[in-house]
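# Understanding the architecture of this molecule
The lines below spell out each chain.
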Amino acid sequence: MDFLLYYLIMNKNSTPQKTMKELTLDTANQYGFNLEFKTNKTLDEKGYNCLMNETFPTKDGFVEIDVIAKDAIHHLLIECKGASKDTILLLTKAATNRIAKDKIGHTRYNVNNGDYRMPIFNIGTDQAIYTNSGDFFHIKKDGSSPESINKASKNDAQNNFYKAQKQLLAAITAYSNANPLDTTNQVHSTYIVPLIVTNAQIWVVDYNENEPKISQQGGTLHRVVNDDNVLYLDIGGDSAKSFVIPVINYSYLESFLRKLNDPPYIRHQIALDLSYK
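Now for a quick tour of the structure. Being a predicted model, the structure only gives us computed values, none of them experimental.

In summary, soluble globular proteins display a tendency toward joint burial of nonpolar side chains. In this structure, Leu77, Tyr109, Met118, Ile172, Tyr175, Leu233 and Phe243 are the most contacted members of the largest nonpolar core, which totals 36 residues. Sequence-distant contacts of Tyr175, that is, excluding residues within four places in its chain, are made with Phe56, Ile65, Ile68, Lys70, His75, Leu77, Tyr116 and Ile192. Residues Ala69, Ile78, Cys80 and Val197 belong to the second largest nonpolar core, which totals 26 residues.

Below you can see the structure in the form of structure tokens.
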């Protein structure tokens, strides 16, 4: 049989070979390189005024904010953590007594004694789990089945999730200093909302019961220890020792935005439903 005819018969149902451009694009998407652009696009379509990769001066140099998204009330400062599809973000639920201690009666923070505010998110609900530690992990598979899960960072200094928190801590101060508000005709307060968006699945381990529980979540409210030398958050005359940053899987971003803008937004003590669906 003619070799070419034989080749065509044997390969008629085979998957076409991808070009170098297609493979490169697939790889970039697989590893989350497009997450910043997807996040920016979603916010732009929701009517936010968006900027990407803006840099602001800090005491120690500069800080870059992946996405800034503004509407009439909120200025979202977003750190995007793209990852490969075999990556998860594994977090631990805060201890029950920690949740009780961190619950706040106030409805907002004052940022660096200026005109910006930060919302306070309701913690301690099943709909929005309060977490306090974690990192990204890679899933090693044997065929289609998970074989093991290994930490993505080699050591704590390379913990990308922790770095994202520190980045936003610096970004809040840098952004508020560089963008003073004109409050002459202001009707509502303007709120800075720090946010981490990832394309990784989010899993939470709860050690508060006798038997540990693990659940997948669309997002969590994550406890961040504050540094007064970087960010002063006034709450009733004292500086907050910690605050909350929402951590959202990208597929829950639109749901988060809807809840953020639900009335009564003027009080800004926000209850989120971030349970996995």
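Across all of its chains, the model carries three aromatic pairs by this definition. Seen from their ring centres, Phe56 and Tyr175 are 5.7 Å apart, and the 85 degrees between their planes marks the pair as edge-to-face. With Phe56 in strand S1 (residues 49-58) and Tyr175 in helix H5 (residues 160-178), this pair connects stretches of sequence that are 119 residues apart. For Phe56, a relative accessible area of 9% gives the class buried. Ring centres of Tyr116 and Tyr175 lie 6.1 Å apart, and the angle between their planes is 55 degrees; this geometry places the pair in the tilted category. You can see Tyr116 sitting in strand S6 (residues 116-121) and its partner Tyr175 sitting in helix H5, a full 59 residues away along the chain. The same class applies to Tyr116 and to Tyr175, which are both buried. Every member of this aromatic cluster is reached through a ring pair, and the members are Phe56, Tyr116 and Tyr175.

Let us now look at the side chain of Asn110. For Asn110, the position within the fold is in strand S5 (residues 108-111). There is a polar contact of 3.0 Å between the side chain of Asn110 and the backbone nitrogen of Asn113. There is a polar contact of 3.0 Å between the side chain of Asn110 and the backbone oxygen of Gly114.

Time to look at unusual backbone geometry. For Asn53, which is not glycine, the phi torsion reads 55 degrees and is therefore positive. Within the secondary structure layout, Asn53 lies in strand S1. Although it is not a glycine, Asn113 sits at a positive phi angle of roughly 55 degrees. Within the secondary structure, Asn113 sits in the loop between S5 and S6.

Here the second largest pocket defines a volume of roughly 300 Å³. Forming the boundary of the second largest pocket are 16 residues, of which Thr58, Lys59, Asp60, Ala170 and Val230 lie nearest the centre. Only S1, strand S2 (61-70) and H5 provide two or more residues apiece to the lining of the second largest pocket. Among the elements that take part in the lining of the second largest pocket, H5 stands out by supplying six residues, more than any other. Partitioning the lining of the second largest pocket into residue classes produces seven nonpolar, five polar and four charged.

Turning our attention to the pattern of salt bridges. If you walk through the whole model with that rule in mind, you get five salt bridges. For Lys93, the salt bridge identified is with Asp206, shortest N-O distance 3.7 Å. Here Lys93, found in strand S4 (residues 87-93), pairs with Asp206, found in strand S10 (residues 201-206); they are 113 residues apart in sequence, far enough to count as distant. Judged by relative accessible area, Lys93 falls into the partly exposed class, the value being 22%. What you see here is one network of salt bridges that share partners, running through Arg98, Asp102 and Arg223.

Basis of the calculations
Residues numbered from 1 in each chain as written. Predicted model: local features only at pLDDT ≥ 70, side-chain atom pairs only at ≥ 80, totals over all residues. Heavy atoms only, no water. Core = buried A, V, L, I, M, F, W, Y, C linked by side-chain atoms within 4.5 Å. Buried < 20%, exposed > 50% of the residue type's maximum accessible area, 1.4 Å probe, protein only. Contact = heavy atoms within 4.5 Å. Phe/Tyr/Trp six-rings, centres within 6.5 Å; stacked < 30°, edge-to-face > 60°. Helix = DSSP H or I, 4+ residues; strand = E, 2+ residues; numbered from the N terminus. Polar contact = N/O pair within 3.5 Å; in protein donor to acceptor, adjacent residues only side chain to side chain. 1 Å grid on protein atoms, 1.4 Å probe; cavity = no way out; pocket = protein on both sides within 12 Å on 5 of 7 lines; lining within 4 Å. Points joined across faces, edges and corners; volume = space filled by probe spheres on them. Nonpolar A, V, L, I, M, F, W, Y, C, P; charged D, E, K, R; others polar. Salt bridge = Lys/Arg side-chain N within 4 Å of Asp/Glu carboxyl O.

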